[in-house]
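Working through the structure, step by step
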Amino acid sequence: MLQITEKILVLLDCNRWKPRGVAYQTSSWRSGSQEREMAQAKVKETYYISHGSPTLAIDDSLPARGFLKSFRDTVYGGVQRPPPTSILVISGHWETDYPTVNAVSGTCDTIYDFYGFPKEMYKLKYLAPGAPKLATRVKELLMASGFQRVSVDKKRGLDHGAWVPLMLMFPNADIPVCQLSVQTNMDGTYHYNLGKALAPLKEEGVLIIGSGSATHNLRALRQSRDGSIASWALEFDTWLKDALLNGRYEDVNQYEERAPHAKVAHPWPDHFYPLHVAIGAAGENAKAELIHHSWDLSALSYASYKFTTTE
């Protein structure tokens with residue numbers, strides 16, 4: 001484990017990656033074989049994963065690492081369940097002024113959007129194939145739902161909000177991956193509606209994952225000798241769990257006004273908005289389940305949730 005002063009420093013130094021999108025011509029994306037695959041691989045749930053520190057990729061002392069390594073078997077259904085046709089990740093590490101998806105032809109680059117970490121971090125690769133056809137489909141759905149400007153970036157790879165959890169969840173890197181950006185100039189309701197527009201993707205076998213952090217105030221991180229949790233972090237995290245498990249999604253959409261210590265828990269909303277997208281994509285009556293909960297550095301919650309569509 002990194003020394004506490006080094007760990008906080010490198011977390012604070014993580015860069016935000018803000019590429020500009022380019023226009024993209026949409027077209028039909030499904031062949032007959034793909035239709036059959038989608039019929040087998042329909043997905044009823046979406047996920048919000050708290051990815052915490054980039055060192056989750058190498059630090060076995062973090063309980064969340066073990067949880068993600070067991071995800072395929074203990075959460076997603078094991079080898080008897082067909083894998084998703086592709087994966088859409090909404091990462092807190094990609095901010096743009098309007099929705100943007102990446103459409104990589106071939107293998108996605110691994111973006112090291114951080115510095116000051118152990119050298120082994122920069123040797124890690126997650127060589128998943130891109131999903132340009134899924135990117136086209138995402139754009140079609142968003143524009144059909146009233147999002148007037150949606151861009152496609154053909155070059156951007158996967159930031160650590162995507163590749164760190166995915167290399168633990170789906171280590172074979174054999175499922176096509178597409179990323180969607182967040183708009184921090186907008187609010188929770190906007191991102192919930194973004195998710196609602198993407199809900200049909202589940203019927204097409206697409207696994208939708210929001211990747212962020214249940215609490216994300218990097219300047220408040222401290223090593224605790226007795227394992228205590230900062231009171232503001234615990235109160236916000238408890239409120240969030242209660243709201244989600246009881247289906248109070250509107251409260252979560254309005255969290256800045258309704259949650260205790262909202263601006264302390266999330267001084268910047270980039271790592272929280274992926275949650276709103278995951279909720280919206282699951283559907284209005286989706287049932288929430290807490291699938292992992294742990295803490296690091298007194299204030300960083302790794303709480304992760306599954307949202308299952310109900311008929």
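Read on for a plain summary of the structure. (Residues numbered from 1 in each chain as written. Predicted model: local features only at pLDDT ≥ 70, side-chain atom pairs only at ≥ 80, totals over all residues. Heavy atoms only, no water.)

What follows concerns the overall build of the protein. Along the protein, the regular secondary structure elements total 12 helices and 10 strands. Buried positions account for 58% of the 311 residues belonging to the protein. Long-range contacts, defined as pairs at least 24 residues apart, comprise 81% of the intrachain contacts of the protein with a sequence gap of at least 6. Carbon and sulfur atoms provide 49% of the accessible area of the protein, an area that totals close to 13200 Å². (Helix = DSSP H or I, 4+ residues; strand = E, 2+ residues; numbered from the N terminus. Buried < 20%, exposed > 50% of the residue type's maximum accessible area, 1.4 Å probe, protein only. Contact = heavy atoms within 4.5 Å. Areas by Shrake-Rupley, 256 points an atom, 1.4 Å probe, with all protein chains shown as cover.)

Running from N to C, helix H5 (residues 132–144) and helix H7 (residues 188–198) point in directions that differ by 115°, and their axes come no closer than 8 Å. Crossing geometry of H5 relative to H7 is assigned as right-handed. Residues Val138, Leu141 and Leu142 of H5 form the contact with H7, whose own contacting residues are Leu194, Ala197 and Leu198. Here the residues of the contact of H5 with H7 sort into 6 nonpolar, no polar and no charged. (Axes fitted to C-alpha atoms, helices over the stretch in contact; angles between N-to-C directions. Left-handed = near helix turned anticlockwise from the far one by under 90°. Nonpolar A, V, L, I, M, F, W, Y, C, P; charged D, E, K, R; others polar.)

For the structure on display, the rule yields 17 aromatic pairs. With a centroid separation of 6.0 Å and an interplanar angle of 80°, the aromatic rings of Tyr112 and Trp163 are classed as edge-to-face. Taken together, the residues Tyr112 in the loop between strand E3 (100–102) and H5 and Trp163 in helix H6 (residues 160–169) connect sequence positions 51 residues apart. Among the residues examined, Tyr112 registers a relative accessible area of 23% and is labelled partly exposed. Here the aromatic rings of Phe236 and Trp239 are separated by 6.2 Å at their centres, their planes lie at 35°, and the arrangement is tilted. (Phe/Tyr/Trp six-rings, centres within 6.5 Å; stacked < 30°, edge-to-face > 60°.)

Moving on, we get to helix H8 (residues 231–245). Because each turn of an α-helix spans 3.6 residues, side chains separated by three or four positions end up pointing in the same direction. Along its 15 residues, H8 runs 21 Å from first to last C-alpha, staying within 8% of the 21 Å computed at 1.5 Å per residue. Looking only at H8, the buried set comprises Trp232, Ala233, Phe236, Asp237, Trp239, Leu240, Ala243 and Leu244. On an axial view of H8, the arc spanned by its buried residues comes to 160°, and they lie on one face. A positive backbone phi angle near 70° is found at Gly247, which sits one or two residues after H8. (Expected span 1.5 Å × (residues − 1). Arc of directions from axis to C-beta.)

Attention now moves to the side chain of Glu45. The topology assignment puts Glu45 in strand E1 (residues 45–50). The exposure class of Glu45 is buried, given its relative accessible area of 7%. A distance of 2.6 Å separates the side chain of Glu45 from the side chain of Arg81, its partner in a polar contact. Those residues within four positions of Glu45 in sequence are excluded, and the remaining contacts are Tyr76, Arg81, Lys202, Leu207, Lys306, Phe307 and Thr308. (Polar contact = N/O pair within 3.5 Å; in protein donor to acceptor, adjacent residues only side chain to side chain.)

On to unusual backbone geometry, then. Where the residue is not glycine, phi is negative for most of them; where a peptide bond is considered, it is trans in most cases. In the Ramachandran plot, Ala173 falls in the positive-phi region, its phi being about 50° despite a non-glycine side chain. Counting through the fold element by element, Ala173 comes out in the loop between H6 and strand E5 (177–182). Here Ala173 falls in the buried class, since its relative accessible area comes to 13%. Of note in the backbone geometry, Leu297 takes a positive phi value of approximately 55° without being a glycine. Along the polypeptide, Leu297 turns up in the loop between strand E8 (295–296) and strand E9 (300–301). Under the relative-accessibility criterion, Leu297 is labelled buried at 3%.

As enumerated under the stated definition, the model contains 11 salt bridges in all. Note that Glu203 is salt-bridged to Lys42, the shortest N-O span being 3.2 Å. Placement of the pair is Glu203 in the loop between H7 and strand E6 (206–212) and Lys42 in the loop between helix H2 (32–40) and E1, with a sequence separation of 161 residues. Since its relative accessible area comes to 46%, Lys42 is described here as partly exposed. Each of Asp242, Arg248, Asp251 and Arg258 takes part in salt bridges that share partners, so that together they form one network. (Salt bridge = Lys/Arg side-chain N within 4 Å of Asp/Glu carboxyl O.)

Burial within E1 is extensive, with 6 of its 6 residues counted as buried. Here E1 shows a buried face lined by Glu45, Tyr47 and Ile49 and a second buried face lined by Thr46, Tyr48 and Ser50. As judged from the 4 bridges shared by E1 and E6, these two strands associate in the parallel manner. Note that in E6 the partner of Ser50 across the bridge is Gly212. (Pairing = 2+ DSSP bridges.)

Bear in mind that shape data such as this cannot, by itself, settle questions of function.
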